[in-house]
Amino acid sequence: MFFEGNLDICEPQTVVDCVTSVYNLIIRGRLPCDCPTPCELGTYGKSVSYAGWPNPGAAESPTLGNHRTDAAYMERNYCVFDVFYKQLNSKTITQKRAMTEEDLLSAIGGSLGLFIGASIITLAEIAEYLITRPFKCCRNKKK
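Fair warning: this is a prediction, and the values are worked out from it, not measured in the lab.

Cut-off values and rules
Residues numbered from 1 in each chain as written. Predicted model: local features only at pLDDT ≥ 70, side-chain atom pairs only at ≥ 80, totals over all residues. Heavy atoms only, no water. Helix = DSSP H or I, 4+ residues; strand = E, 2+ residues; numbered from the N terminus. Buried < 20%, exposed > 50% of the residue type's maximum accessible area, 1.4 Å probe, protein only. Patch = residues over 30% accessible without salt bridge, like charges linked within 9 Å, V, L, I, M, F, W, Y side chains within 5 Å. Areas by Shrake-Rupley, 256 points an atom, 1.4 Å probe, with all protein chains shown as cover. Salt bridge = Lys/Arg side-chain N within 4 Å of Asp/Glu carboxyl O. Expected span 1.5 Å × (residues − 1). pLDDT = per-residue confidence, 0-100.

A look at the overall build of the protein chain
Next, step 1: When you go through the protein chain residue by residue, the secondary structure sums to three helices and zero strands.
Next, step 2: In the protein chain, the succession of α and β elements from N to C terminus is α-α-α.
Next, step 3: Residue burial in the protein chain is summarised as follows: out of 143 residues, 4% are buried.

Printed below as a string of structure tokens:
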């Protein structure tokens, strides 16, 4: 449909230049983007194909109603945009905790128990060495 207006129509290169300049500002940190992680993320492949427009059957399309249907007007003011999906698959990613609070406390408690137990055994071995060492020296001197 053609709407009267006084806005300029952007050429493709103008759009690319505008998007590139804003993207570069974001990358350099001069235009901050405080965007939260999205709950859903859609990624779509793209491909482009071209066809002659307007085709002869477009003028008889019932969706055009009472609008002008001459080829020159349609070529200037109409656009056909079709979207097709290459694959109809979807992937759901669910985030789960690696361990619960109880699992974390249990792991910490088990590690502490192991280390403290090893420390007590080490202290007992050191005490045994210090106590038995002088007696070994005395036995060696008696012989």
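Now, onward.
With respect to a nonpolar patch on the surface
Next, step 1: Together, M99, L104, I108, L112, I116 and I120 make up an exposed nonpolar region whose accessible area comes to about 560 Å².
Next, step 2: When its relative accessible area of 53% is taken as the criterion, I120 is described as exposed.

Some words on the pattern of salt bridges
Next, step 1: Taken as a whole and assessed by the stated rule, the structure comprises one salt bridge.
Next, step 2: Across the pair E101 and R97 runs a salt bridge whose closest N-O atoms are separated by 2.8 Å.
Next, step 3: Given a relative accessible area of 48%, E101 falls into the partly exposed group.
Next, step 4: R97 gets classed as exposed once you look at its relative accessible area, which sits at 63%.

Observations regarding helix α1 (residues 12-28)
Next, step 1: A rise of 1.5 Å per residue sets the reference length of α1, with its 17 residues, at 24 Å; its end C-alpha atoms lie 24 Å apart and thus fit the reference within 8%.
Next, step 2: Positive backbone phi, at 85°, marks G29, one or two positions downstream of α1.

Considering the confidence of the model for the protein chain
Next, step 1: When pLDDT is averaged across the protein chain, the result is 76; 78% of the residues are at 70 or more.
Next, step 2: Predicted confidence in the protein chain is weakest over helix α2 (residues 71-77), with a mean pLDDT of 73, and strongest over α1, with 86.

Remarks on the environment of Y44
Next, step 1: Its location among the elements puts Y44 in the loop between α1 and α2.
Next, step 2: With a relative accessible area of 60%, Y44 lands in the exposed category.
Next, step 3: The spacing of Y44 and K86 is 42 residues in sequence and 8.8 Å in space, taken between C-alpha atoms.

Focus: the environment of Y85
Next, step 1: Along the chain, Y85 falls in the loop between α2 and α3 (101-142).
Next, step 2: Residues Y85 and K46, spaced 39 residues apart in sequence, show a C-alpha to C-alpha distance of 9.1 Å.

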